[in-house]
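For reference, the chains in residue letters:
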Amino acid sequence: MSRRRSRGTVGLLAALGLLLTLFAASPALAASYRYWSFWQGSGGNWGYATEGPSTARPADGTTLGFRFSVSKDAGAEAAKPRAGADFEAVCGGTAAAEGRKRVALVVDFGVPADAPAGEAPPQEAPRTACAQVAPDATAAEALASVAKPLRYNGAALLCAISGYPKSGCGEPIADEAQPKPSATVAAPSSGGGSGPSAGLLAGAAAVAALGAAAVWQSRRRRR
């Protein structure tokens with residue numbers, strides 16, 4: 001009988017841990033980010049890239065796009081480049097060269113509303129360029145050949161193209177739908193710390209409630 005109770009307790013604790021983890025993670029999943037998204041052209045349309053530019057090795061005739069914006073980190077919700085994925089429009093005037101491949105690049109610096117504080121997009125319209133690089137060159141190398149300087153963080157995340165933006169890298173941006181602190185609620189201190197999120201507090205409350213129910217059920221069985 002004690003073994004059954006022990007197994008039940010372990011299973012319940014595992015379930016409670018999973019529930020708390022999901023509640024804690026849900027606010028992060030709901031956030032948007034200010035970042036450069038990476039796109040691949042196919043049939044004149046943009047598709048969210050499934051790997052980063054530092055590992056992707058585009059074939060000759062490929063069209064790649066980069067868009068800076070505040071977006072969700074998902075293809076269905078991220079902002080696409082505002083120019084078409086048209087290889088001929090970008091590279092049609094560049095003759096093919098032996099031992100080189102041509103990659104059409106569309107770099108969209110986004111709109112002023114998405115720019116970090118104190119900065120503005122270098123240009124309003126998307127920039128296009130035809131890169132001629134080695135056959136085994138990555139998308140990052142093709143981009144670097146036409147849009148230096150690039151900036152990366154320690155996790156190899158692309159942070160800046162042609163020096164824009166000057167700082168920051170994929171920082172989370174609070175969704176407008178999330179309630180702002182009222183005058184009666186203390187905002188996070190300027191020291192860098194922050195209080196627990198509403199989702200985490202709700203998760204803790206749920207775990208506490210389930211824990212109380214488990215204790216009650218255990219006592220009931222002993223009777």
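Residues numbered from 1 in each chain as written. Predicted model: local features only at pLDDT ≥ 70, side-chain atom pairs only at ≥ 80, totals over all residues. Heavy atoms only, no water.

Asks: Now, about the overall build of the protein chain: what can you tell me, with residues and values included?
Replies: In terms of helices and strands, the protein chain carries 4 helices and 8 strands. Mapped in sequence order, the helices and strands of the protein chain form the string α-β-β-β-α-β-β-α-β-β-β-α. Per element, the accessible surface of the protein chain, about 13,400 Å² overall, is 56% carbon and sulfur. (Helix = DSSP H or I, 4+ residues; strand = E, 2+ residues; numbered from the N terminus. Areas by Shrake-Rupley, 256 points an atom, 1.4 Å probe, with all protein chains shown as cover.)

Asks: Kindly report on empty space enclosed by the protein, identifying the contributing residues and their values.
Replies: Counting across every chain of the model gives 1 cavity of 30 Å³ or more. The calculated volume of the largest cavity comes to roughly 40 Å³. Every residue lining the largest cavity is listed: Arg34, Tyr35, Phe68, Cys159, Pro165, Ser167, Gly168, Cys169, Gly170 and Glu171. Along the lines of polarity and charge, the residues of the lining of the largest cavity split into 5 nonpolar, 3 polar and 2 charged. (1 Å grid on protein atoms, 1.4 Å probe; cavity = no way out; pocket = protein on both sides within 12 Å on 5 of 7 lines; lining within 4 Å. Points joined across faces, edges and corners; volume = space filled by probe spheres on them. Nonpolar A, V, L, I, M, F, W, Y, C, P; charged D, E, K, R; others polar.)

Asks: Before we move on, could you go through the pairing of strand β2 (residues 45–48) and cite the residues and values that matter?
Replies: Side-chain positions along a regular strand alternate between the two faces of the sheet. Pairing geometry for strand β1 (residues 32–42) and β2, over 4 bridges, is antiparallel. Bridge pairing in β2 places Gln40 opposite Gly47. Linkage of β1 to β2, two consecutive antiparallel strands, is achieved through a turn of 2 residues, within which Gly43 is found at a positive phi near 60°. (Pairing = 2+ DSSP bridges.)

Asks: I'd like a rundown of the state of the cysteines, residues and numbers included.
Replies: Summed over the entire model, instances satisfying the criterion amount to 2 disulfides. For Cys91, the disulfide goes to Cys130, at an S-S distance of 2.1 Å. Negative torsions about the S-S bond denote left-handed disulfides, and the value of about 110° found for Cys91 with Cys130 makes this one right-handed. Taken together, the residues span a long stretch of sequence, with Cys91 in helix α2 (residues 87–91) and Cys130 in strand β5 (residues 127–133) at a distance of 39 residues. Residue Cys91 is classed as buried on the basis of its relative accessible area of 0%. For the protein chain, the disulfide bridges join cysteines in the arrangement 1-2, 3-4, where the cysteines are counted in sequence order. (Disulfide = S-S within 2.5 Å. Buried < 20%, exposed > 50% of the residue type's maximum accessible area, 1.4 Å probe, protein only.)

Asks: Tell me about the pairing of strand β3 (residues 62–71), residues and numbers included.
Replies: Among the 10 residues in β3, 9 count as buried, and that is most of the element. By the bridge criterion, 8 bridges tie β1 to β3 in an arrangement that is antiparallel. Counterpart to Phe38 in the pairing with β3 is Phe66. Relative to strand β4 (residues 101–108), β3 runs parallel, the two sharing 6 bridges.

Asks: Lay out the pattern of salt bridges in plain terms, naming residues and giving numbers.
Replies: In the structure shown here, the tally under the stated rule is 3 salt bridges. We note a salt bridge from Asp108 to Arg67, for which the minimum N-O separation is 3.8 Å. Of this pair, Asp108 sits in strand β4 while Arg67 sits in strand β3, placing them 41 residues apart in sequence. As far as burial versus exposure is concerned, Asp108 and Arg67 are alike and both buried. A salt bridge links Arg82 to Asp108; its shortest N-O distance comes to 2.8 Å. Separated by 26 residues along the polypeptide, Arg82 in the loop between β3 and α2 and Asp108 in strand β4 bring together distant segments of the chain. Take Arg82: its relative accessible area is 40%, and that puts it in the partly exposed class. With a relative accessible area of 0%, Asp108 lands in the buried category. Each of Arg67, Arg82 and Asp108 takes part in salt bridges that share partners, so that together they form one network. (Salt bridge = Lys/Arg side-chain N within 4 Å of Asp/Glu carboxyl O.)

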